[in-house]
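Breakdown of the fold
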Amino acid sequence: MGKGYYISKHLATAAMVLAAIALVTIIALSVVYNREKSKNAAKFSKATTLPVFPTPKTSNEPWDKYRLPDTLSPQYYNVTLWPRLVKNANGMYIFTGISGVMFTCEKKTDLILIHSNKLNLTVFKGHHAKLTGLSGVTAPAIKTTWFQSETQYLVIQLEGKLKPGKDYWLYTEFTGELADDLEGFYRSEYMENGEKKIIAITQMQATYARKAFPCFDEPGMKAVFHITLIHDRGTTALSNSQEIKNVIIDGMAITRTIFGPTKRMSTYLIAFVVSDFTYIDAKDKKGVRIWARKKAIEDRQGDYALNITQPILEFFEKYYNTSYPLSKSDQIALPDFNSGAMENWGLVAYRETALLYDPRTSANGNKQRIVTVVSHELAHMWFGNLVTVKWWNDLWLNEGFASYVEYLGADYAEPTWNMKDQTILYDLQSAFAVDSLTSSHPLSRKEEEVNTPSEISEMFNTISYNLANEQSLESKKNTLETGLKTPRTHHGNRTAVDQTPGIKLPYSVHEIMNRWILQMGFPVVTIDTRTGNVSQKHFLLEPEAVVDRKSEFKYVVKHHHCDITFENPSYKSNGCVKPHKNEWVLANLHVSGYFRVNYDLGNWERLLSQLESNHQVIPVVNRAQILDDAFNLARASIINITLALRTTKYLLHEREYIPWEAALRNLNYFFQLFDRSEVYGAMQAYLKKQVKPLFEYFGTISSNWTTVPSGHTDQFTQIIALSLACSTGVEGCRELTRSWFKKWMQNPPNNAIHPNLRSTVYCNAIAAGGAEEWNFGWQMFQKATVAAEAVKLRSALACTKVPWLLNRYLEYTMNPEKIRKQDATSTIGYIASNIIGQPLAWDFIRANWDYFFKLYGTGSFIFSGLIRDVTYRFCTPFELSQLKRFQKDNAETGFGSGTQALQQAIEKTTAKIKWLEGNKEPVLQWFLSESA
């Protein structure tokens, strides 16, 4: 076989955006925060609550707009809250509170708009608030107040004008429900030692602080917060700042905990918790503490998080060249939490699966999730909290940057895990999947495109998290770090970065940023090694789809031999890449550029030959790239599908995790397309042949599956070997998993199945069994005290092939006593991934859409994932018609954060129908010939 050479092609946009990121950081990190302290001590009082005024008719007034006017600027809040952890006379859990906010008038106005949602405000002399002037200023009298429910405002009209440059104090008293809705200030319940425990916790992002107290609830409206919590004795209160005083109230079994003033910060980062949790600490100057249920801490489930938190904080201090800005760093694991984690400044909240680790029951993957999530949230302590976006249309600045540096922090904490290479799987390829649709969107949208809570929630997507990560490529690490460590004297405008020593930019920041953040999609670069020609065009999974959002910019692609400027949508350059005879070309070395690569057929053949003769000549991440590019190019009808399938033939010899995972993700797409057709049998036979050597390899090195490999990613590959071998019927695999599960059933207290393999074993055993196996799994799920183990069982219960068990399981998702609200939609997703469960889940969602939409609210993050999961298999005209009917039937109810996901489901289904028409038969014949 002839030798090959590599072309490292880095999109200049990737380099450019790093400098732009540096700009944002340099500017924002230099902000001098106002540390003004409140001198107004709020006193908690019991005021009579009266009915609120009705909402007036909608009009084109300021209170009908979702964005706050720029007339007022909050400076600090005094907030006192008292959550009741027992039901009141009406059978409700409530909280009461008082809040005062000092704001400065920026422009003359006779109107105050402040967010308030689902709060029952006390009425004073016919109005819902009190207004006073500060420093000798007389405030105008309140004319009228009312609630504007659509935009979630308390509207206060004044008799006169507020004066620019003057400060005012707005005071409210209120009552709210401490509901179990996972939003704002809410309650969580759990069982410990047979006793039901109630705790009060918060989730303010993105628009839920207004459910806890009236506030100017926009990320750009930063202020200092003085928080006081009143709570039962025997419980502990936590907030963003360190507690400075605990006062026992005489004659009452309650305590008042007063916290120090916060840094100047956004409302979505406010947090408070009242619980009987306990903690472990590092006894270091950063005040690191891990909080959780007492049983979890006693079982040392917080130890791993404690061991990695301090090193990661120290890493980021060096990386940002800025000290950790707070006096403490609390990390708390919560039984009920809708997000994976939340970067509340000084009090980071996590699902238990993202913070607690028990080596006896938690898998290697659980450990990796903890280190990456902790690293992601701690990265936000600087980038996102200290430096914050003005509005949610630029969420990518927060999340994309954190998604990149989370791997750097994790790599520092676990240097042997090869974390950086895994970004190809978890970020790049995930971003490609979404950004190849016409329903994608640019990194940044115009402010006016993101207004309502549901539109804001839609921004928390793969584009904002994973695509934005790709701008921060490791190949440009030095440029990024130089920008982050630049002295704070360089700030204030774009020329600060243009003129920063050590940073050389090919273009102005304005030109760089617009080309990266204001256009959606990415190119496919085609290299013809026969002629040396290179061309580019916008890559779309549906090549005939119409792109409504046209790009106005140019791409610049660089490699070792030439620079090519690609006009959008297409450009050609002649004679640039022409290797010698029998040499192959591999572009985008180490996958450092954000584009796919296609070649002439001859070069593809030479690459495939190299893979089969000696695949290790090609870097691991590029082997994954070849697989992923080929399959997606085939889905887009750019190359023949049989060419893409041939990239999997070399897997007989592959032992690395990243290529196998990339292959399985693409083959799983084929499973979903063909598991209801005659193609499935031939496909299973082929994959059985391909995975058998891997299964036998791990059987040998693990002493017949009695141990696990020492290598971190080798443990992931072992899981792939077992899972795929069992699903394709490799001899001995299913018998092995069933025997392990049977032994556990015979001795429930002694589960000898290795934690790494439990998900696969549980699923296969329950799928092969009936009601007896399912009921045993359900009993073990109910008894599980480690969240990671509970997730494995909850997922495996969806593997059963018994329809009535699946229907019963779906019904359980509507009962929070059986399935927690935070887990309901993911459980439905698990069921939908089962070929028998998919139509059941789809019918269930259609029948209960109104219920779920009202339960979780229009702004909930969960709807996009729910729609994606239940429609993932759709590939027939009938299913497409059902999708469109679902869209029409529920237009009045709406889809909240799932609006774009539904449109993407329609687009994907349409593309799959068209693709199958021309590719089903060739795929069948290829699998038949290769499995013979």
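Relevant structure appears above.
In what follows, the accompanying structure is described. Computed from a predicted model, the values in this text were never measured in an experiment.

Along the chain, the regular secondary structure elements total 27 helices and 29 strands. Going through the 932 residues of the chain one by one, you find that 62% of them count as buried. Across the chain, contacts joining residues at least 24 apart in sequence account for 74% of those joining residues at least 6 apart. When the accessible area of the chain is evaluated, it comes to approximately 35600 Å², of which 50% is carbon and sulfur surface.

So, about the state of the cysteines. In a disulfide, the sulfur atoms of two cysteines are covalently bonded to one another. Per the stated rule, a full pass over the model turns up two disulfides. For C726, the disulfide goes to C733, at an S-S distance of 2.0 Å. Disulfide C726-C733: the torsion about the S-S bond is -90°, which places it as left-handed. Residue C726 shares its accessibility class with C733, and that shared class is buried. Between the sulfur atoms of C763 and its disulfide mate C799 the distance is 2.0 Å. Because the torsion about its S-S bond is -105°, the bridge between C763 and C799 counts as left-handed. Remark: C799 occurs in the loop between α21 (787-796) and α22 (803-812) and C763 occurs in helix α19 (residues 758-768); sequence separation between them is 36 residues. Among the residues examined, C763 registers a relative accessible area of 24% and is labelled partly exposed.

This next bit is on the packing of helix α15 (residues 657-674) against helix α16 (residues 679-701). Helix-helix packing: each pair is described by the crossing angle between the helix axes and the interaxial distance. Interaxial distance between α15 and α16 falls to 10 Å at its minimum, and their mutual angle equals 160°. Regarding the angle of α15 to α16, the classification is roughly antiparallel. Regarding α15 and α16, the two cross each other, and that crossing is left-handed. Between α15 and α16, the residues in contact are W660, L667, F670, F671 and F674 and V679, Y680, M683, Q684, L687, Q690, V691 and L694, respectively. When grouped by side-chain class, the residues that make up the contact of α15 with α16 number eleven nonpolar, two polar and no charged.

A few words on the side chain of K328. With respect to the element layout, K328 can be found in the loop between α3 (303-320) and β20 (329-334). On the basis of relative accessibility, which here comes to 2%, the residue K328 falls in the buried class. Ignoring anything within four residues of it in the chain, the contact list for K328 reads S239, N240, S241, Q242, K286, G287, R289, G346 and L347.

Inspection of every chain in the model, using the stated rule, returns 59 aromatic pairs. Summarising the aromatic geometry, the rings of Y669 and F670 are spaced 6.3 Å apart at their centres and angled 65° between planes, so their arrangement reads as edge-to-face. Residues Y669 and F670 agree in their burial class; the two are buried. Measuring from ring centre to ring centre gives 5.1 Å for W744 and Y762, while their planes differ by 20°; the resulting arrangement is stacked.

A few words on unusual backbone geometry. The linkage connecting Q205 with the following residue, A206, adopts the cis geometry, with an omega of 5°. Note that A206 resides in the loop between β12 (195-203) and β13 (224-232). At S637, a residue that is not glycine, the phi angle is positive and equals roughly 60°. With respect to the helices and strands, S637 occurs in the loop between α13 (620-635) and α14 (641-646). Exposure remark for S637: the relative accessible area of 54% places this residue in the exposed category.

This structure, assessed with the given rule, holds 36 salt bridges. Between E189 and R187 there is a salt bridge, with its nearest N and O atoms 2.9 Å apart. Given a relative accessible area of 14%, R187 falls into the buried group. We note a salt bridge from D299 to K295, for which the minimum N-O separation is 2.6 Å.

Attention now goes to empty space enclosed by the protein. Scanning the model with the defined rule gives eight cavities of 30 Å³ or more in all. In terms of lining residues, the second largest cavity is bounded by Y66, H115, T151, T207, R210, D217, W391, W392, N451, T452, P453 and I456. The residue inventory of the lining of the second largest cavity, partitioned by class, reads five nonpolar, five polar and two charged.

Residue position: T207 is located in the loop between β12 and β13. Residue class for T207 comes out buried when judged on its relative accessible area of 6%. Ignoring anything within four residues of it in the chain, the contact list for T207 reads Q152, D217, P453 and I456.

Rules used in this analysis
- Residues numbered from 1 in each chain as written.
- Predicted model: local features only at pLDDT ≥ 70, side-chain atom pairs only at ≥ 80, totals over all residues.
- Heavy atoms only, no water.
- Helix = DSSP H or I, 4+ residues; strand = E, 2+ residues; numbered from the N terminus.
- Buried < 20%, exposed > 50% of the residue type's maximum accessible area, 1.4 Å probe, protein only.
- Contact = heavy atoms within 4.5 Å.
- Areas by Shrake-Rupley, 256 points an atom, 1.4 Å probe, with all protein chains shown as cover.
- Disulfide = S-S within 2.5 Å.
- Axes fitted to C-alpha atoms, helices over the stretch in contact; angles between N-to-C directions.
- Parallel < 35°, antiparallel > 145°, perpendicular 65-115°, else oblique.
- Left-handed = near helix turned anticlockwise from the far one by under 90°.
- Nonpolar A, V, L, I, M, F, W, Y, C, P; charged D, E, K, R; others polar.
- Phe/Tyr/Trp six-rings, centres within 6.5 Å; stacked < 30°, edge-to-face > 60°.
- Salt bridge = Lys/Arg side-chain N within 4 Å of Asp/Glu carboxyl O.
- 1 Å grid on protein atoms, 1.4 Å probe; cavity = no way out; pocket = protein on both sides within 12 Å on 5 of 7 lines; lining within 4 Å.
- Points joined across faces, edges and corners; volume = space filled by probe spheres on them.

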